[in-house]
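# Fold and contact review
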Protein chains: 4
Amino acid sequence: MTTKVAVAGASGYAGGEILRLLLGHPGVQDGSIEIGALTAGGNAGAALGSLQPHLTPLAGRMLEDTNPEVLGGHDVVFLALPHGKSAEIAGRLAESVTIIDCGADFRLGEAAEWDRYYGGHHAGTWPYGLPELPGNREALHGAKRIAVPGCYPSSANLAITPAVAAGLVRPEVTVVAVSGSSGAGRSLRTDLLGSEIIGSARAYGVGGAHRHTPEIIQNLSRFAGGEVSVSFTPVLAPMARGILATCVAPLAPGVTPDEDAIRAVYAAAYADEPFVHVLPQGQLPQTSSVIGSNTVHVQVTVDERAGRLVALAALDNLTKGTAGGAVQSMNLALGLPETQGLPIAGVAP
Amino acid sequence: MTTKVAVAGASGYAGGEILRLLLGHPGVQDGSIEIGALTAGGNAGAALGSLQPHLTPLAGRMLEDTNPEVLGGHDVVFLALPHGKSAEIAGRLAESVTIIDCGADFRLGEAAEWDRYYGGHHAGTWPYGLPELPGNREALHGAKRIAVPGCYPSSANLAITPAVAAGLVRPEVTVVAVSGSSGAGRSLRTDLLGSEIIGSARAYGVGGAHRHTPEIIQNLSRFAGGEVSVSFTPVLAPMARGILATCVAPLAPGVTPDEDAIRAVYAAAYADEPFVHVLPQGQLPQTSSVIGSNTVHVQVTVDERAGRLVALAALDNLTKGTAGGAVQSMNLALGLPETQGLPIAGVAP
Amino acid sequence: MTTKVAVAGASGYAGGEILRLLLGHPGVQDGSIEIGALTAGGNAGAALGSLQPHLTPLAGRMLEDTNPEVLGGHDVVFLALPHGKSAEIAGRLAESVTIIDCGADFRLGEAAEWDRYYGGHHAGTWPYGLPELPGNREALHGAKRIAVPGCYPSSANLAITPAVAAGLVRPEVTVVAVSGSSGAGRSLRTDLLGSEIIGSARAYGVGGAHRHTPEIIQNLSRFAGGEVSVSFTPVLAPMARGILATCVAPLAPGVTPDEDAIRAVYAAAYADEPFVHVLPQGQLPQTSSVIGSNTVHVQVTVDERAGRLVALAALDNLTKGTAGGAVQSMNLALGLPETQGLPIAGVAP
Amino acid sequence: MTTKVAVAGASGYAGGEILRLLLGHPGVQDGSIEIGALTAGGNAGAALGSLQPHLTPLAGRMLEDTNPEVLGGHDVVFLALPHGKSAEIAGRLAESVTIIDCGADFRLGEAAEWDRYYGGHHAGTWPYGLPELPGNREALHGAKRIAVPGCYPSSANLAITPAVAAGLVRPEVTVVAVSGSSGAGRSLRTDLLGSEIIGSARAYGVGGAHRHTPEIIQNLSRFAGGEVSVSFTPVLAPMARGILATCVAPLAPGVTPDEDAIRAVYAAAYADEPFVHVLPQGQLPQTSSVIGSNTVHVQVTVDERAGRLVALAALDNLTKGTAGGAVQSMNLALGLPETQGLPIAGVAP
């Protein structure tokens, strides 16, 4: 029996990356998974090849309009839509359809948080597609509704959660995450033009204003026995892909600044994770090592003089940070091997 | 039975890319192909992960010394060595070993050409690993010795050969090819530092001095009934990967500047090629569409006012231009499906 | 007496660069030149600092609407507007106003050429702001109307004109020019987003379609005794600024391929030019050497085997290619020293 | 009387930038300052143009050997040498020579700090060339020995000092600073190759290991009444120039999170500084705005939820961060107007 998969938002970066991964998925290659409808908003009616020329095998496919009728006849529907649109579409699809949402609609537990950062009605929560955080994987097996995490939370939470969960640090975390421009999507904004991006590093959403802030807090607070204070600053750098998250927190009272012991905590946390690789001591994460892959490189160090723990993670915002997490979630939802179709080696240099 | 594969030069860019592709090869994934010795020169003794951190699954592998003893016990040996080194190593491996050479040693037919551009003794020629040029594929089936083409010839020849072979142009070709910095390898040179590469376009090897010039000429002349005059200028652009070759030639006397007819020639030439994609009219090749893939995007247009044919090709110099061509050649040599393990979709944006 | 200068189109890249140069101009620093109205289209009403944050000294200036009333009371008006707009504005300014147009409206001599490449009514021609081509400088002294050349013609014509004028080559020139993204202006187009520009080289306007083609031809034909056949291909590279033009032409019959003699022709052609620097033999132009400056680096070589002359030029498309050429023209028009306020050293690395 | 200036280390990035600024300095243009000896280590004997092709007006100058004899006959000597070399040279120059050291030798007050981070004998301290920190400018007037600050301290300290000095924050600062590759100098290291830098963000010197850490602490502690705890993480981004420093600190007990009041503190601190520009509320620093200039863009915000102050600064590491600071110091030392020859507008886009 064939599993039929649709991608809504196929002309954007996240949708394109889902398709790139599906094209390399053994299920698609052996025919057990079929790539069905590809939909878009304003780009409906165009050939995919004119908008995503890198998806050569699908170049001739026509984009259809994103609506429940087109998406309805599929077993799996990936939603790669602007936030606020997923809830609407999802509500009109049958419960038997596996919906994997790359938007923010079903990530936040608190209605007040949703309203504060996104505005308006809170849609609810779905199982959270970051299986590497304790307790999450179980809920994804066979799930029919999955909320894929934001790209910054994926990086920041994988970097700092083991330290928070083990009580190594006080719950006062500072995150500065450097990201490539594709994280901002394919939006027509002057500040995203190549001429403005190239040669420039700039912060945005400073002062706790970025929408991923409550998601990082929510993920961390689960393991801290109380709300964790998080200062999050995203920085845009002149590269298309990749996030490097630097997370700094004061060592908790009584914790010895023993780097070996702290590294052992991280090694244990990720020992069985196929996609999280704790680097050898002395080696630091770099985004180039994980581009195009579903891999996360993590390192942790201690700044003894400052009494801080410094944890870092590098991932590809479009792969592990979005589309790779989505396909990983699909694999879990469908009962396939979790790593199927997901590259572990990055494309470098 | 397992096919055991070694990579000589595993700490360089070409060697790393061969390994990245092998990691995604179905043969490696099902165990029928085994990644054996990884060797290096000065880096022997180091862990691969310290030099190629993107090859996470092989991070713990130790680099051995490049010598015939280490390489000897393998069924397939990829050579990704400085030119002039391959002949020496190859001469000391058994004839039963399939050797796939990414260097220049066995590409040029004329001893005088070799001496002029590389200096010294000419090693001979091997079947040429560009199956998309007429007549080449046959010689690669079951071959024990293969010379992988240079990255510039791969792009320039795939762009302009159909026009030359069909007699559409006079045999006076101008090629200007823009390349990413990885084409220069991992050499420590001031002019390859990030600070010098970023923000700069610069030509090099101007005036016919680049070593790929005779290879482009040799490939073209086979189809022209005489030596083709080629002016080749490589230009370095601030990107890590990718080549965009622009080839310009005067229309031959009597050829009507009919773009549809000329496009039909190209469509026919590449109709059965899995890795060469002639773009729809009006769409132009861009390197971002083919990064990390074995795909070549080709377009041809006519400049009626100037009486010239302009043909363009985009490919990834490390993938189709080197390591992808090498794995494609391995597939042919081993009797495997030609496309196995070779991505067709590029990593974009 | 103070010379009052207005800039129309001050929120775009060309307008911003004019202002950057004016801020460093001795006339502005000693008060003999005053920066008057800064105007824009849709951005009128905004503070300049919100759109051009690099122009710190003018951050508080408000953008006014581009119209003849606002521009009228100035001695010099720079027009950095979309093509077709300059003629309209210029027609409504007094003849006593020195107008320096960075647009294309007054560059092409032939009405048919204008109609073919830009469409519609031909506005006429003004003295051409490329004083380095023989005969041009004289017409700029005291001129009240000046057409600043296009950035590609500035580079291509400075590279190849000496060879054409001296009869060294046949009048069949191939130009491939690699440009940074700022040449496309600050337009909101998906293909100009940072995520699409970074990591990609792509040609555009292939087949003689680019609007700068007839301008290159017109400039060259003046020195060739007949129309020169030019094939021009622009290539976009992942950098914000800079053009590297590679120009290739067959050596004329009877011309000895003597690089020294040919270099002497170039050295003589530019001996007295403050902004054109013929590089020493063996050194090749790179755009990074001229960024932010009004300098052009030129080199010429001979490809003896192919019988071609290869000439290259590097310049900054926004400085010498647009705003620097405009300020240089202003200096000539006002009787100031030609080099005033124009950096010769580039910003590198 | 002419002031004769030498630059030791003229083939490196810092030395090249000093020369670029000197070429635009009114003193050099009117002949009151003369550019004398240009010296180098291994590059002595080469023409400057072969190593710094962007310094076109000095292209023919020959590099001499860096030694006290060559440097001796000058009024001002800029030292742009590897750390540890300045002390040696300086000790052999007459006291009447104004020495401006871009190295680290004379920055740190504590011998133990020097030994810990640089190793070996502590040379002492000189007046510190960051006039924007209270108390520093006075010591630079007429100084004969000046230590130019490190590029990271220049950015971090200008961002966070006003908050620390005003007691707005607890003395526990986290700094994550994103830098371009030129900060690493022109060293031949594999990890600085363009192919490795492009497309990658990576941290280094993590855990307090970077040598600029004690300098940031020393500068801050002067204003805090005790040692400030600083966690400093530098991150390399794919750009040639620029530093964006993000500084985060907990609001001090009793401080109201009133952004207007906090902004007023910053506005007052920099009211008279020609090179420090506090951006309007809502506008964030970006390195592209200050490239090639001596300007620093600063912003400060409050994250009320997290109880933190977030301060940011952008500067050009080679200009304000090194060579611009050096020329600014020279101006003060020679009694020239402080801003002479130092661009305030950046080169953008």
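Read on for an overview of the structure. (Residues numbered from 1 in each chain as written. Chains lettered and ligands numbered in written order. Predicted model: local features only at pLDDT ≥ 70, side-chain atom pairs only at ≥ 80, totals over all residues. Heavy atoms only, no water.)

### Let's talk about the packing of aromatic side chains
Considering all chains together, one arrives at 12 aromatic pairs over all chains under this definition. Pairing F106 of chain A with W126 of chain A gives two aromatic rings, centres 3.7 Å apart and planes at 0 degrees, and the pair type is stacked. Of the two residues, F106 of chain A is situated in the loop between β5 (98–101) and α6 (111–117) and W126 of chain A in the loop between α6 and α7 (136–140); the sequence distance between them amounts to 20 residues. For F106 of chain A, a relative accessible area of 6% puts it in the buried group. Judged by centre distance (5.0 Å) and plane angle (65 degrees), the rings of Y152 of chain C and F232 of chain C are edge-to-face. Of this pair, Y152 of chain C sits in helix α8 (residues 151–165) while F232 of chain C sits in strand β9 (residues 229–236), and the two are 80 residues apart along the sequence. (Phe/Tyr/Trp six-rings, centres within 6.5 Å; stacked < 30°, edge-to-face > 60°. Helix = DSSP H or I, 4+ residues; strand = E, 2+ residues; numbered from the N terminus. Buried < 20%, exposed > 50% of the residue type's maximum accessible area, 1.4 Å probe, protein only.)

### Observations regarding the relation of the copies chain D and chain C
One chain copy maps onto the other through a rotation about an axis and a shift parallel to that axis. The transformation that overlays chain D on chain C combines an axial shift of 0.0 Å with a rotation of 180 degrees, and the residual RMSD is 0.0 Å. When the rotation and shift are considered jointly, the pair of chain copies conforms to a two-fold rotation axis. Take the interface residues of chain D: 100% of them recur as interface residues in chain C, which is what a same-surface contact looks like. (Least-squares fit on C-alpha atoms with pLDDT ≥ 70 in both. Contact = heavy atoms within 4.5 Å.)

### Quick notes on the environment of I291 of chain D
Residue and element names in this part refer to chain D. Here I291 is to be found in the loop between β11 (276–278) and β12 (296–303). The class of I291 is buried, set by a relative accessible area of 13%. The spacing of I291 and R186 is 105 residues in sequence and 18 Å in space, taken between C-alpha atoms. Every residue in contact with I291, bar those within four places of it in the chain, is listed here: R241, G242, D316, G346 and V347.

### Focus on the relation of the copies chain D and chain A
Once turned by 180 degrees and shifted 0.0 Å along the axis, chain D lies on chain A with an RMSD of 0.0 Å. Both copies share a contact surface, since 100% of the interface residues of chain D are interface residues in chain A too.

### Topic: the environment of I18 of chain D
Residues and elements named next belong to chain D. Within the secondary structure, I18 is located in helix α1 (residues 13–23). Residue I18 is classed as buried on the basis of its relative accessible area, which comes to 0%. Between the C-alpha atom of I18 and that of W126, which follows or precedes it by 108 residues, the distance is 20 Å. Among all residues touching I18, those that are not within four sequence positions of it are V7, F78, C102 and A323.

### With respect to helix α10 (residues 213–221) of chain A
Residues and elements named next belong to chain A. Most of α10 sits inside the fold, with 8 of its 9 residues counted as buried. Along α10, the residues that are buried comprise T213, P214, E215, I216, I217, N219, L220 and S221. Summarising the contacts, the buried residues of α10 are in contact with α6, α8 (151–165), β7 (172–179) and β9 (229–236).

### Some details on the packing of helix α8 (residues 151–165) of chain B against helix α11 (residues 259–269) of chain B
Residue and element names in this part refer to chain B. Running from N to C, α8 and α11 cross one another at 115 degrees; their axes reach a closest spacing of 10 Å. Of the possible angle classes, the one that applies to α8 and α11 is roughly perpendicular. In terms of crossing hand, the pair formed by α8 and α11 is right-handed. Between α8 and α11, the contacting residues are A159, I160, P162 and A163 on the first element and V265, Y266 and A269 on the second. Taken together, the residues that form the contact of α8 with α11 break down as 7 nonpolar, no polar and no charged. (Axes fitted to C-alpha atoms, helices over the stretch in contact; angles between N-to-C directions. Parallel < 35°, antiparallel > 145°, perpendicular 65-115°, else oblique. Left-handed = near helix turned anticlockwise from the far one by under 90°. Nonpolar A, V, L, I, M, F, W, Y, C, P; charged D, E, K, R; others polar.)

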